[in-house]
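# Reading the structure
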Amino acid sequence: MINRSAFCLFLILLLSGCSFLPTNIVNEIDMSQGVGYDLAEKKNIKGTIVFPIFKRDKTSSTEVRTAIGKSSKEIRSILNNETRYPLVSGQLRVALYSKKIANKGITDFVDTLHRDPAIGSLVQLAIVDGGANELFKMKKYKNENVSIHVRELLEQNMKMGLLPQTNLQSFLFQLFQIGQDPYLPLIKNENGNIRITGMAIFKDDQYVTSIPMKDFFIFKALVDKNRTGLRQFILEHRDKIVLETLYSNAKYKVKIVHGKPEFTINLKMKTRLHEFAPSEKQRKAFDKKRYQKQVEQELEINAINIVNQFKEHKVDPLGLGAKYKEHYRGFNEKQWKMYYPNVKVTVNADVEILQTGTID
Amino acid sequence: MQANIRHQVSPYLVFFIIYNSQVGVGILSFQRTIAAKAGYDAWIGVLAAGCFVQAFIWVMYKLLGKTNGDIIDVHTTIFGNVLGKFLSFFIMIYYWLASVSVLIGFIEIIQVWMFPTMPAWILSTLILISVYYCVSGGFRVIVGMSFLSFIFPQILLIVLFIFPLKIAHFSNLLPIMNHSFMDMADSIKSSMYSIAGTEALLMFYPFIRDPKASKKFAHLGVLFTTILYTISAIVSFTFFSENQLKTTIWPELSLTKTVTLSFLERFEYLYISMYLIIISVLISLFLWCSSRGLKKIFNRKQKYTLLLLCLLSIILCHFNGSFKDILNKFIIQMNLWIFYGYIPILLLVLTFLIRGKQND
């Protein structure tokens with residue numbers, strides 16, 4: 001009995017005496033919530049770190065610091081020399097890369113996010129048209145936390161808007177997937193506001209081209225499942241209708257013709273009418289069948305256009321190569337890359353307008 | 001040579017012991033090793049390996065049922081006292097080394113994911129103190145702990161698969177059976193090691209109250225772990241792209257990086273801490289087997305053999321890096337040859353021996 005209680009006492013002492021455990025108290029560390037990278041002169045990188053400062057009896061403020069170095073962790077250690085508390089990265093929410101740095105490839109920067117066990121895989125990545133540093137230092141967001149702002153801007157647009165779902169995990173998945181290239185949102189400082197302006201499309205890890213806002217609807221329908229989003233269609237006789245997706249699903253079919261792959265994308269969509277403005281300024285009942293047909297045609301043309309743009313730049317964000325690989329056992333990556341610019345893709349859209357709102 | 005009825009456990013508890021003997025650090029990292037050659041067809045290899053283990057359970061029950069004791073009794077009946085104990089000694093060393101390899105694997109995880117500066121000897125001492133406490137309570141305590149570890153962490157950890165499944169790409173698994181037979185054999189071989197551990201039955205067989213009735217629970221236990229491993233493999237195959245998986249050391253832990261709860265930003269810390277329960281039961285089980293075997297071989301008290309093994313384990317834990325790989329390779333070979341080569345032959349020899357005696 002004495003033996004056992006002595007053992008217990010020993011355990012209690014040992015466990016409570018574990019002062020070699022590193023402890024991080026929340027107001028004694030600086031949690032970097034956003035990082036941004038720009039290109040500097042002489043092959044250097046300009047890194048920017050955003051972290052909040054918590055003060056007693058005061059609202060918290062954010063600090064934005066910049067340093068120039070060769071690698072992202074070097075920048076962090078340089079910045080560590082000027083912060084009061086140690087910088088830690090466990091709370092990272094958003095990582096921004098300027099367009100120029102993305103042109104050269106961002107694997108080196110993503111590698112450190114991927115490698116660090118403290119960083120989650122739901123970190124948002126985005127490409128900045130302009131400088132990441134200037135974007136973080138914008139006057140308008142001086143009093144609020146700009147990194148949280150950017151993250152929430154992106155996330156609400158992915159959830160409710162037209163932006164396809166992306167984050168660190170999806171970027172890495174697409175980067176490593178054979179027969180697919182990654183894509184990330186493109187944001188810009190426009191007249192003192194942070195705006196999403198397009199989708200940056202990568203070739204491996206290098207930024208190649210972007211698709212504008214107006215193609216988001218079809219792009220999201222092609223890469224994501226069951227997402228919502230609004231799009232305006234201007235049809236024959238300048239009839240205007242606005243549709244909201246309730247359900248969409250793109251099915252990719254692969255056929256091998258003369259040893260070469262051919263793709264058919266069957267896009268099924270269930271939508272809801274949000275606005276209807278016929279060209280004759282007269283109120284009339286909505287003719288579902290007629291408009292469905294026209295919307296389908298417009299979507300098909302739109303889809304073919306962006307696919308042609310991708311083929312032109314030899315990028316494959318839709319993952320056609322991966323789909324080809326799934327269906328064809330003799331897949332050869334080099335051969336596929338040769339086929340890709342001339343591959344035949346047809347799109348069949350099937351749009352159903354389920355609801356017309358409370359009026360018809 | 002059944003153990004005293006006071007120390008025996010009910011037949012249905014064999015399910016939990018068998019489950020716990022198979023689940024260790026292997027499940028956190030086996031996805032990468034099995035996919036190294038067989039790619040994303042490797043999950044079929046896990047199922048096949050599960051069938052082998054089922055057969056092995058059958059062999060062990062046949063073998064032990066003939067002498068109604070443990071492996072040491074089997075050895076002494078066939079080879080006599082001296083040679084029999086000599087051969088048993090090797091199996092005890094295997095049990096011990098297996099527990100050390102689990103311990104080293106888990107310490108590496110703690111160091112990489114939680115406390116990078118923590119020296120290995122502190123972690124191994126802390127874990128082994130609780131293991132010593134558990135083992136000195138006897139076999140029934142270990143069984144109770146394994147029951148507990150099934151109910152509390154394991155069921156909860158299975159539920160966590162919901163998070164990665166939300167963004168799973170099931171088409172990754174296509175095309176099925178795209179690899180050669182030799183590649184599949186390799187994946188079976190590497191999954192055999194991950195789901196190894198049932199050999200502990202060779203030592204605890206005399207502690208089951210009604211061994212015949214427990215047989216079906218042992219098979220059920222293996223079925224459960226086979227399904228668990230297969231699901232775990234499929235979840236990580238659909239979550240990561242193939243080249244991404246090849247860069248990830250602990251796919252199952254990287255999966256939990258996507259889990260964020262509103263009150264808990266990073267789940268891995270909790271995950272690893274909960275896993276400690278499962279790991280310490282596994283180490284306890286193997287150290288119990290080993291120390292009990294050495295007790296019977298050398299006629300020393302189990303307390304002393306256990307203490308000796310624990311101290312040696314702490315010393316071995318200090319050799320990191322290449323030692324771990326050598327140890328793992330050694331154990332994989334040992335496991336394969338002893339339990340899938342030697343034990344079935346032993347069964348044949350014993351059968352003929354008993355027949356011969358009956359004929360005399």
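Above this text sits the structure in question.
Keep in mind it's a predicted model, so treat the numbers as computed, not measured.

This paragraph deals with the interface of chain A and chain B. With 30 residues of chain A at the contact, the number on the chain B side is 32 residues. A buried area of about 2700 Å², summed over both sides, lies between chain A and chain B, and 59% of it is on carbon and sulfur atoms. Of all residues in chain A, Phe-173, Glu-326 and Arg-329 of chain A give up the largest surface area on contact with chain B, accounting jointly for 23% of the area buried on that side. Across the salt bridge formed by Glu-242 of chain B and Lys-325 of chain A, the nearest N and O atoms sit 4.0 Å from each other. For the pair chain A and chain B, the interface holds 11 residue pairs in polar contact (both at pLDDT 80 or more). Of all elements in the fold, only α1 (2-16), α4 (107-115), α7 (168-176) and α10 (320-327) of chain A reach the threshold of two or more residues within the side of chain A that touches chain B. It is α1 of chain A that contributes the most residues to the side of chain A that touches chain B, six residues altogether. In terms of residue class, the side of chain A that touches chain B is built from 17 nonpolar, seven polar and six charged.

Here we take up the nonpolar core. Counting 127 residues, the largest nonpolar core has Ile-71, Phe-237 and Tyr-275 of chain B as the members making the most contacts within it. Looking at this core, the element that brings in the most residues is helix α5 (residues 81-113) of chain B, giving 16 residues. Aside from chain neighbours lying at most four places away, what touches Tyr-275 of chain B is Val-23, Gly-24, Ile-27, Leu-28, Phe-106 and Leu-157 of chain B. Counting residues in hydrophobic clusters, the runner-up holds 64 residues, among them Tyr-183, Ala-303, Leu-318 and Tyr-339 of chain A.

Residue and element names in this part refer to chain B. Following both chains from N to C, one finds α5 and helix α6 (residues 120-136) inclined at 120°, their axes separated by 10 Å at the closest point. When the axes of α5 and α6 are compared, the pair comes out oblique. Relative to α6, the crossing made by α5 is right-handed. Residue-level inspection shows Leu-103, Phe-106, Ile-107, Ile-110 and Gln-111 of α5 in contact with α6, the latter providing Ala-120, Leu-123, Ser-124, Ile-127 and Leu-128. Of the residues that constitute the contact of α5 with α6, the class distribution is eight nonpolar, two polar and no charged.

So, how was this worked out
Residues numbered from 1 in each chain as written. Chains lettered and ligands numbered in written order. Predicted model: local features only at pLDDT ≥ 70, side-chain atom pairs only at ≥ 80, totals over all residues. Heavy atoms only, no water. Contact = heavy atoms within 4.5 Å. Buried area = accessible area lost by both parts, 1.4 Å probe. Salt bridge = Lys/Arg side-chain N within 4 Å of Asp/Glu carboxyl O. Polar contact = N/O pair within 3.5 Å; in protein donor to acceptor, adjacent residues only side chain to side chain. Helix = DSSP H or I, 4+ residues; strand = E, 2+ residues; numbered from the N terminus. Nonpolar A, V, L, I, M, F, W, Y, C, P; charged D, E, K, R; others polar. Core = buried A, V, L, I, M, F, W, Y, C linked by side-chain atoms within 4.5 Å. Buried < 20%, exposed > 50% of the residue type's maximum accessible area, 1.4 Å probe, protein only. Axes fitted to C-alpha atoms, helices over the stretch in contact; angles between N-to-C directions. Parallel < 35°, antiparallel > 145°, perpendicular 65-115°, else oblique. Left-handed = near helix turned anticlockwise from the far one by under 90°.

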